[in-house]
Amino acid sequence: MKVAIIGQGYVGLTISVFAGQFFEVFGFDNNRSIVRQLNSGISHIEGVESSVLQKRIKDGRYKATASGSDITDVDFVVIAVPTPLSKGRQPDLTYIDAACRTIGENVKKSVLVINESTSFPGTLRNYIKPAIEKYSKSSVEHLYAISPERVDPGRGDYNQKNTPRLYAGLTAEASEKTRDFYSKFCDNLIEVSSPEVAEAAKLFENTFRQVNIALVNEFAQITNALGISVYETLDAANTKPYGFMKFTPSAGVGGHCIPVDPTYLAAVAEEHGAPATFIRRANDVNLEMSKYVVDRVQADNGGLLQGKSVLIVGVAYKPNVADVRETAAELVINHLRERGAVVSWHDDVVGTWLGENSAPLSGADISIVVTKHDSVDEKAIVASAPYVFDTTGKVAGAKGL
Ligand SMILES: NC(=O)c1ccc[n+]([C@@H]2O[C@H](COP(=O)([O-])OP(=O)(O)OC[C@H]3O[C@@H](n4cnc5c(N)ncnc54)[C@H](O)[C@@H]3O)[C@@H](O)[C@H]2O)c1
């Protein structure tokens, strides 16, 4: 059986190497340099080992492609393209639309189309199916299903095999085929009654994280005003064995999911006349954390940052990955530069970002730790500047939230 996986990023490539154990996979991506790199056996995604990719290629189970002619006779299609926000912070389905066009124009026989991209309830039924039918050059009818992706890039303990997976088809036949497809490489499949339930569940999972992160970020400001340690207080609360889940404060949220997905939920809620004030406020609290951090640093440094050299330690959105999408580091840097600070950053996992290179971990007036990779030495951070502010709670001897 052949599978086309549209989009070869974090989600698509991860699925490709798992599915490649059982299917012949065509990893379709419209970025030709990614396609070239993948076909030479080099993975660009944390958690996908190049050696595994090379094995799939050698076994004839994986080929990256940007050519529609490679996917005309596949049996399954998985959509794993970005679902970002537009400039006006509205759901942006242009990548989904382009993927639908690729499918409609190229896939010639009846297939099961599974969407793994995160989007609002109704996307499969009201958007993907009609779009593929619109672009299709034949009268062929496809089956449609959703199975939202839960991959956590860089995570070792949970993967495609042991992370429970939700799914639902638009028809019973689509559901059954979806189960057959994933059961090859996922141990725990949970069917829900409609695609909309699966789509909404995915958004709620990430909204749950977003609002709890916002809550703890606000709590960090409260404990600071009260003169007590947020970390000690959270550890104390966490001794309760039920009804509490510990989240930790930070300079804000980053990545493709937590800053984005709740806004998809809020947008669809408001479109249907339901309030989403809690989600909107949580988003604002998380965005405002970068300013709060810079305010704290400024207050500790004589109220003036003009001309001070400030080193941001860690610009990836989370530890041990090179992903900088929506990183809070960018907001922190913007606030610092607006106040006249001379900002550089150290992150050898990221290397190069926004046309700048990772700077040495030394010689600054002020260091602010936004993300602490395991590979970065704690003592070297403390020695990098006379004043170090840590937003992660991981650097002993630094000032912190
Ligand atoms: N990254 C995560 O941790 C994660 C987790 C769960 C769900 N998701 C969701 O999965 C989806 C994909 O996210 P991602 O992190 O894999 O994105 P990504 O940016 O890592 O990868 C997307 C890939 O799709 C390619 N692409 C874009 N448009 C295309 C098109 N029309 N045809 C073919 N390829 C195209 C891009 O070149 C890129 O390689 C999003 O909806 C995201 O919200 C992501």
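Anything mentioned here points back to the structure above.
Everything in this summary refers to the structure shown in the same document. (Residues numbered from 1 in each chain as written. Predicted model: local features only at pLDDT ≥ 70, side-chain atom pairs only at ≥ 80, totals over all residues. Heavy atoms only, no water.)

Things to note about the sheet that holds strand 2 (residues 24-28)
1) Next: Spatially, eight strands are ordered 3-2-1-4-5-6-7-8 in an open sheet, and the strand pairing comes out mixed. At either margin of the open sheet sits one strand with a lone partner, and together these are strand 3 (62-65) and strand 8 (189-191). For this sheet the average axis-to-axis angle between neighbouring strands, irrespective of direction, equals 25°.
2) Next: Its contacts with the sheet put helix 4 (residues 94-106) on strand 1 (2-6), strand 2, strand 4 (76-79) and strand 5 (112-115), and the angle it makes with strand 4 is roughly 165°. (Pairing = 2+ DSSP bridges. Helix = DSSP H or I, 4+ residues; strand = E, 2+ residues; numbered from the N terminus. Axes fitted to C-alpha atoms, helices over the stretch in contact; angles between N-to-C directions. Contact = heavy atoms within 4.5 Å.)

Observations regarding the site of the ligand
1) Next: With respect to spatial proximity, 27 residues lie near the ligand, and among them Tyr10, Val11, Asp29, Thr83 and Thr118 are the closest.
2) Next: Bound to the protein, the ligand loses 91% of the 820 Å² it would expose on its own.
3) Next: Elements with a minimum of two residues in the shell around the ligand: helix 1 (10-19) and helix 4.
4) Next: Broken down by element, the residue count for the shell around the ligand peaks at three residues, all from helix 4.
5) Next: Grouping the amino acids of the shell around the ligand by side-chain chemistry returns 14 nonpolar, nine polar and four charged. (Near = heavy atom within 4 Å. Areas by Shrake-Rupley, 256 points an atom, 1.4 Å probe, with all protein chains shown as cover. Nonpolar A, V, L, I, M, F, W, Y, C, P; charged D, E, K, R; others polar.)

Comments concerning the pairing of strand 5
1) Next: Here strand 5 shows two buried faces, one formed by Leu112 and Ile114 and the other by Val113 and Asn115.
2) Next: Relative to strand 5, strand 4 is paired through four bridges, and the arrangement is parallel. Residue pairing in the sheet places Val77 in a bridge with Val113 of strand 5.
3) Next: Taken together, strand 4, helix 4 and strand 5 form a β-α-β motif whose crossover is right-handed.
4) Next: Pairing between strand 5 and strand 6 (residues 143-146): four bridges, direction parallel. Looking across to strand 6, one finds that Val113 is bridged to Tyr144.
5) Next: Regarding the hand of the β-α-β motif, the stretch spanning strand 5, helix 5 (residues 123-135) and strand 6 is right-handed. (Buried < 20%, exposed > 50% of the residue type's maximum accessible area, 1.4 Å probe, protein only. Right-handed = clockwise from strand over helix to strand, strands pointing away.)

So far we have only geometry, and geometry alone does not tell us how the molecule works.
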